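# Residue-level structural notes
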Amino acid sequence: SYIGELENLYTVYEDGTISAWSGIKINDYGNIVLDSETCDWNSDLRFTQISFGETFAIAMDSNNDIYFWGYDFTRSMSDKSDYRIYTTPQLIEFHKNVESVYAGDNVAFLKNGLELYIIPKKTSH
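What this report covers is the structure whose coordinates are included nearby.

This brings us to unusual backbone geometry. One can expect most non-glycine residues to show negative phi and most peptide bonds to be in trans. At N64, a residue that is not glycine, the phi angle is positive and equals roughly 65°. In this structure, N64 sits in the loop between β6 (56-61) and β7 (66-71).

Taken together, three strands build an open sheet; the order of strands is β9-β10-β11 and the sheet is antiparallel. Pairing within the sheet leaves two strands with one partner each, and these edge strands are β9 (100-103) and β11 (115-120). Averaged over all pairs of adjacent strands, the angle between strand axes in this sheet comes to 20°, irrespective of strand direction. One ladder, built from four bridges, connects β9 with strand β10 (residues 107-112); its direction is antiparallel. If you follow S100 over to β10, its bridge partner there is K111.

This paragraph deals with the nonpolar core. Judged by nonpolar contacts, the single largest core of 15 residues is most densely connected at F56, I58, I66, F73, I92, V101 and L110. Where this core is concerned, the elements lending two or more residues are β6, β7, β9, β10 and β11. Excluding residues that lie within four positions of it along the chain, V101 makes contacts with Q49, S51, I58, A59, M60, I66, F109 and L110. If you look at the next biggest cluster of nonpolar residues, it comprises twelve residues, including A20, F47, I50 and A57.

Our next topic: the sheet that holds β6. Backbone hydrogen bonds are what pair the strands of a sheet, in a parallel or an antiparallel way. Here we have four strands laid out as an open sheet, ordered β5-β6-β7-β8, and antiparallel in their pairing. The open sheet is flanked by β5 (47-52) and β8 (85-92), the only strands paired with a single partner. Direction aside, the axes of adjacent strands within the sheet are offset by 20° on average. Two elements, β5 and β6, share five bridges in a ladder whose sense is antiparallel. Bridged to I50 within β6 is A59.

Right, let's talk about the pairing of β7 for a bit. Burial analysis of β7 places six of its six residues in the buried class, the great majority of the element. Sheet topology places β6 next to β7; five bridges connect them, and they run antiparallel. Looking across to β7, one finds that A57 is bridged to W69. Where β7 lies against β8, five bridges are found, and the strand directions are antiparallel. When the bridges of β8 are listed, G70 appears paired with Y86.

About the thresholds
- Residues numbered from 1 in each chain as written.
- Predicted model: local features only at pLDDT ≥ 70, side-chain atom pairs only at ≥ 80, totals over all residues.
- Heavy atoms only, no water.
- Helix = DSSP H or I, 4+ residues; strand = E, 2+ residues; numbered from the N terminus.
- Pairing = 2+ DSSP bridges.
- Axes fitted to C-alpha atoms, helices over the stretch in contact; angles between N-to-C directions.
- Core = buried A, V, L, I, M, F, W, Y, C linked by side-chain atoms within 4.5 Å.
- Buried < 20%, exposed > 50% of the residue type's maximum accessible area, 1.4 Å probe, protein only.
- Contact = heavy atoms within 4.5 Å.

See below:
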């Protein structure tokens, strides 16, 4: 249903599962196929919406829980070397109803009807 890009390319299937892939290869039968790996978290989460930003992805699952992976924009850095990158989805504790999620550079937008919630990059200042 969707292809997105972060540190890999991601294929999001109709059932909400995701595969990560980095290119193509030729299989044993001579066919060109995706050089993919099923994400470790594929069987546990079913995403209904996903958005890829420059440094992270944000997604909503079938329970309307919000997750992100990639650069951790939700915490303050003590210096330029203090950053985290997650390869598996991290739950964002958000206690309001959300119907859509969007990723920007280092900001997430969560939408519910006419309300827009903004989760900006946290700074140490």
